[in-house]
Amino acid sequence: MALEIFWKGMKAKLDADDNIESFEVTSSETPINILMVGGRRCGKTSVLATIYSQATSFFGTDELVITSEGLDQEITLTDKMDEIKGYFSASSSNKISEFEPDNTPSLEASQYTFDVSIIGKRGKLALNFIDVPGEWYTNSNYEKTVNALVKTCNVLLVAIDTPHLMQEEGIYNEARNRIRPVTHFIRKNFDFIPLNDKKTVDPKMILFVPLKCEKYKEEMGKVNKAIHESYKDCFTYLSGNSDKCVVAITPIFTMEGSKFSYFKKQNRQVIEYEIDKKKLPKFPIYTIQGSYSNLYCEQPLVYILVFMLEYAKKLKEKTNWFGRFFDFILRNPSVEDFLKQKDNLKNKIVRDKEGYQIVQNPMDI
Amino acid sequence: MLQSISNLDNRVIPAFKSSDCTGATSRIKNVVGQKQPKAHITFYEQSEMIQIVQKYFDEIFGKDKFRVDSFEKIGSFNISDLKNQIAIGSAESAKFDHLKKYIEHFDDWKNEVFKGFIDVEDENKIQEYVSQHNGETENDPKRVNFYKYLAVKECEISCEFKNSDTGDIVLRDTIGLGDTSIGIEGKMLDSIGKHSDAAIIVRRPDSLVGKLEEKDVELYKKLNSEFEKRNMNKWLFWLVNKTTKDSPFGDNSDRCEAFDSKIRDYNWNIADHKIVNVTDSNDVNDNFLKSVLETLIKNIDSIDNGILSDLNEEFAKLYEEFVKVRESVNGILKDVFAIYGKNTSNIDLQNTIGDTYSKEILGGIREHCKKDLAPKCNLSCEEFENAVKEKLTNIYDFIPTDEEIKSLAKQGNQTPFTVYARCTDILRNKIINDFQTLDIVLDKIVNDEKKNVVDILANKSKGKLANLVSNSENLTPNEWLEELERTVSEEEYPHIFDALEKFRSFAIKVEGFMIFKVRNSLTEIDPRVIPSLTSDTATEDDRTELAQEILIWLRQKIEIIYEKIRENVRNLYSVPNEALFACVKDLFDRVTFARDDSSEYFSLMKEWENLYKNNLNLLFADEYEEFTKNQATSKEWKVIADSLRKFGDKKYFEI
């Protein structure tokens, strides 16, 4: 039933009057659905903006082309990038300065669709990023909706606010990154069935994406370790299904030249505010020096495409496998052309450095 | 001068111009209403007289050349024979003249010795006891010599002073220092040190050539070395006695000025010095005495403190003597109890002794290790962890303020880099200094654990050693252990002594296991790691900008340092627990398994057994009392031993 709700609708709608909230995913073609997972203000929307921004130039040298579907979406993502870059334009030359990022959370669920196509070829792959407010993961009013989303999405992109993970002995980690609810939704909705069983649903990929980790660039091993410790229950559950789910840690540096500095303190105590009965630092302070750049922001997209194409290849080789989404790929008029791009993309995957780790890899990406 | 103050005359206070006249020292009390002077005269005992005379013999003829075997023998020495043995004009001649008086006039004073004391109210009679003669010159037929003073130990005279409102003042006369009697100087020092709150040195310079002489300087040095710790500048007065032209000594006023000015030049450590005509009652009472009393009232606290300091020194000596006595008595008792110990095989006491050291002490320490300390070994020591976390939080306070940075930038030819480096220098030192104060917390943790072990050793229901060394509340564990070590001598119980000493010396110092970790965490603010600063220091505006820029860097760096220190020390929170376990385990091993390499066979248990058996009377007082109930003397010994133990607390020997 949940699937039908998803594919039927034509636009995203948040019905605040209903006690049980619903969200409808729209697409002109059957898409690859990617759910952005993470707590409030941990940077999910920023990730999307930088992924899109970076992927455009990253794929520019290849035969692949990525385009945004619709003007509104283009404007939203461009505005977000402008906001990020705006922090840099406010600082002068090479002088160090401090800033406090905008703390306004996204209140509405959004859907961003990127179309990936091959120059000169027909057909495209639609990547449908679903970005719901962080509050949905902790509010029972949205539980059914989130359950349906987690169950049906092919890829989960778990955004992690790294300073909250690492600083102050991690006391703000749970409040910001909402590890327990995230783990809960994954455990509840990942009903894995062996891949060679005809009743199987499509395999999934979960990418843990540490954000705002510029401060820790020289010690990303520690960030990696902290993720393993924090998401221990989640990893344990997923390791029991290591033949059906790709799990990777893919840090991205969305704002090189900027670093988290400290949580503002008063009388030697971090100044806090309370949300959902949990205390969070009120004023995270970042420093900025030099000009804007970023690193590895295209990687989540590269991982997603390689994962998808590897699976398509396997489906083609083992016709007894079945999957709703990959049926669509195999019916794509340019399927052979996409599969030819796979190895090229695979070479661009960052592995085993600066915090990158493919934790389990049944798809051999 | 004493006459001027007290209103007494030469009969009671001899002060003749002719020669040395004071025979015995007097104390003169102001008793309001006592118009007629009254003397309470105390005499030496026979044994004291023998000692006095023997001392003259020893000093004149050499030690023990002549022995004064009895009191009566004093009068039996042959003066001529004795005189032949000393050279005429030698230094001993003057002393011999004194000895001669004791021998030749033995019959004149010997009867007084038997009296103990007498009270005399007749002033003419008093003179016979305190004066050497009646004041007439030697050739004057009216001259009368007195000898009873030789037997006088002390004379206390009560009378109303001229200014009767001077209060409970007591004056103490002493024999002039020019007198050749033996022990005069000692008596004076004794008189000042033990009996006086203040002292007045009276000196009359000669009218023609009088000046401050070497002997005056020597006297001052002597007093200074004796009373340096007693705040001499609060109570010692130097009176320069001025005489007039119509006095037998002539006008010495210019010599007095010279004398007094020399005292001033020397800047002696005394309360005051004044020129006074001691025969002028007004000068003495209204000027000098008034000034002395006012000075004393002003200085009374300091004087008391000086006396207390002296007394505490005396008490310290007394305590040492007490410890010797206690050890002697215990030594005697040990011999008695050693015999007792050998005969206890058939009674329960033998088992009780064994149980006490083996179960209560050795077993107690082992159980404490096993149950209380071992389980905590790998756990964080909460008290220490909290203290470290407090220090960690403190580091934020050490960032220099905006104003401090600007002030640094103003000093000399500073560049942005040198200002930043200076800030980090300050920061590093402050952080390290603060972490070093963790030693205070560690000392407390170690002290608390030592208390636990001392309880096992001392508790009367456990090791009972508090019966040997009182474990009063005001003793720290280390003080108690030190006291125990003094009692458990190294010679008799070398291994127990060694174990106690090592345990007492145990300490955990943060320098050894943590400071280097903290220091290694400070590389972010190492002078070699200078961030890129854009400001320069040319103008006031630039300095403001620079301070802001440096503050941003420091705030960023301090967070990194915080994390690094936290990370680097997090594994050290259990160190106190581990160290305490090791320390107490080491004590257990030493008091249980120590071996003496020099001997073929050694039993540490025997050492423990001896310790308990040798101190049975104290450690097992009740059991011992049962054993000795038929021995009357043993009970007395026990009372003595108990008393000695009871008063063994050093606090009884302190003021």
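The shown structure was predicted, so the numbers you read here are calculated from the model rather than taken from an experiment.

Here is what the cut-offs are and how they apply
Residues numbered from 1 in each chain as written. Chains lettered and ligands numbered in written order. Predicted model: local features only at pLDDT ≥ 70, side-chain atom pairs only at ≥ 80, totals over all residues. Heavy atoms only, no water. Buried < 20%, exposed > 50% of the residue type's maximum accessible area, 1.4 Å probe, protein only. Helix = DSSP H or I, 4+ residues; strand = E, 2+ residues; numbered from the N terminus. Arc of directions from axis to C-beta. Contact = heavy atoms within 4.5 Å. Phe/Tyr/Trp six-rings, centres within 6.5 Å; stacked < 30°, edge-to-face > 60°. Lys NZ or Arg CZ within 6 Å of the ring centre and 35° of its normal. Axes fitted to C-alpha atoms, helices over the stretch in contact; angles between N-to-C directions. Parallel < 35°, antiparallel > 145°, perpendicular 65-115°, else oblique. Left-handed = near helix turned anticlockwise from the far one by under 90°. Nonpolar A, V, L, I, M, F, W, Y, C, P; charged D, E, K, R; others polar. Salt bridge = Lys/Arg side-chain N within 4 Å of Asp/Glu carboxyl O. 1 Å grid on protein atoms, 1.4 Å probe; cavity = no way out; pocket = protein on both sides within 12 Å on 5 of 7 lines; lining within 4 Å. Points joined across faces, edges and corners; volume = space filled by probe spheres on them. Pairing = 2+ DSSP bridges. Expected span 1.5 Å × (residues − 1).

## Some thoughts on helix α6 (residues 123-130) of chain B
All names here are of chain B.
Thinking step 1. Buried residues of α6: E123, I126, Q127, Y129 and V130, and no others. An end-on view of α6 places all buried positions within 165 degrees of arc, on one side of the element.
Thinking step 2. Its buried side turned inward, α6 meets β1 (26-30), β2 (38-43), α5 (106-113), β3 (117-120) and β4 (152-159).

## Details of the packing of aromatic side chains
All names here are of chain B.
Thinking step 1. Counted under the stated rule, the structure contains 36 aromatic pairs over all chains.
Thinking step 2. Judged by centre distance (5.7 Å) and plane angle (90 degrees), the rings of F588 and F593 are edge-to-face.
Thinking step 3. The buried category is assigned to F588, whose relative accessible area is 8%.
Thinking step 4. Directly above the ring of F503 sits K450, whose terminal nitrogen or CZ lies 6.0 Å from the centroid.

## A look at the packing of helix α2 (residues 46-61) of chain B against helix α4 (residues 91-104) of chain B
All names here are of chain B.
Thinking step 1. Between α2 and α4, the least distance of the axes is 10 Å, while the angle of their chain directions is 150 degrees. Judged by the inter-axis angle, α2 sits roughly antiparallel to α4. Both α2 and α4 take part in a crossing whose hand is left-handed. Side by side, α2 and α4 meet where M49, I52, V53, Y56, F57, E59, I60 and F61 of the first sit next to E92, K95, F96, H98, L99, Y102 and I103 of the second.
Thinking step 2. For the contact of α2 with α4, the per-class residue count stands at 11 nonpolar, one polar and three charged.

## Thoughts on the pattern of salt bridges
Residue and element names in this part refer to chain B.
Thinking step 1. Taken as a whole and judged by the stated rule, the model has 58 salt bridges over all chains.
Thinking step 2. Measuring nitrogen to oxygen at the nearest pair gives 3.1 Å for the salt bridge that ties E154 to R172. Of the two residues, E154 sits in strand β4 while R172 sits in strand β5 (residues 170-172), which places them 18 residues apart along the sequence.
Thinking step 3. We classify R172 as partly exposed; its relative accessible area is 22%.
Thinking step 4. Each of R27, K29, E154, E156 and R172 takes part in one network of salt bridges that share partners.

## Observations concerning empty space enclosed by the protein
With a probe scaled to a water molecule rolled over the atoms, the places where space remains empty come into view.
All names here are of chain A.
Thinking step 1. Counted according to the given criterion, the structure contains three cavities of 30 Å³ or more.
Thinking step 2. Considering only enclosed or pocket space, the largest cavity measures out at about 400 Å³ in volume.
Thinking step 3. R41, S46, P101, K212 and Y286 are, among the 28 residues lining the largest cavity, the residues nearest its centre.
Thinking step 4. Counting only elements with at least two residues in the lining of the largest cavity, the list comes to α2 (44-58), α3 (71-89), β9 (253-263) and β14 (284-295).

## Brief notes about the environment of K389(B)
Thinking step 1. Relative to the assigned elements, K389(B) resides in helix α12 (residues 382-394).
Thinking step 2. Apart from residues lying up to four places away in sequence, K389(B) is in contact with E169(A) and Y573(B).

## Describing the sheet that holds strand β8 (residues 245-249) of chain A
All names here are of chain A.
Thinking step 1. A sheet is described by the order of its strands in space; here eight strands give the open sequence β2-β4-β5-β1-β6-β7-β8-β15, paired in mixed fashion. Only two strands of the sheet have a single neighbouring strand rather than two, namely β2 (64-68) and β15 (357-360). When strand polarity is set aside, the average angle formed by the axes of neighbouring strands in this sheet is 20 degrees.
Thinking step 2. Of the strand pairs in this sheet, strand β1 (residues 32-37) and strand β5 (residues 124-131) are connected by five bridges, and their pairing is parallel. Bridge pairing in β5 places M36 opposite D131.
Thinking step 3. The sheet contacts of helix α4 (residues 143-152) involve β1, β5, β6 (155-161) and β7 (204-211), and relative to β7 the element is tilted by about 110 degrees.

## Structural notes on the layout of surface pockets
Thinking step 1. The computed volume of the second largest pocket comes to approximately 1100 Å³.
Thinking step 2. As for the second largest pocket, its lining consists of 39 residues, and the residues nearest its centre are M166(A), Y216(A), E219(A), K222(A) and E563(B).
Thinking step 3. Put simply, the parts of the chain that give the lining of the second largest pocket at least two residues each are α5 (162-166), α8 (220-230), β9 and β14 of chain A together with α20 (540-569) of chain B.
Thinking step 4. The class makeup of the residues in the lining of the second largest pocket is 10 nonpolar, 10 polar and 19 charged.

## What about unusual backbone geometry?
All names here are of chain A.
Thinking step 1. Residue E169 is not a glycine yet carries a positive backbone phi of 55 degrees.
Thinking step 2. For E169, the location among the structural elements is in the loop between α5 and α6 (173-177).
Thinking step 3. The exposure class of E169 is partly exposed, given its relative accessible area of 41%.
Thinking step 4. Phi is positive for N267, close to 50 degrees, though the residue is something other than glycine.

## Overview of the pairing of β14(A)
Thinking step 1. In the sheet, strand β3 (residues 97-99) of chain A pairs with β14(A) via three bridges, with the strands oriented antiparallel. If you follow E98(A) over to β14(A), its bridge partner there is T287(A).

## Describing α2(B)
Residue and element names in this part refer to chain B.
Thinking step 1. Over its 16 residues, α2 extends 22 Å from the first C-alpha to the last, a length consistent with the 22 Å expected when each residue adds 1.5 Å.
Thinking step 2. Three or more residues of α2 are buried, namely M49, I50, V53, Q54, Y56, F57, D58, I60 and F61.
Thinking step 3. Considering only its buried residues, α2 is in contact with α3 (79-84), α4 and α5.
Thinking step 4. Just past α2, the residue G62 takes up positive phi, approximately 105 degrees.

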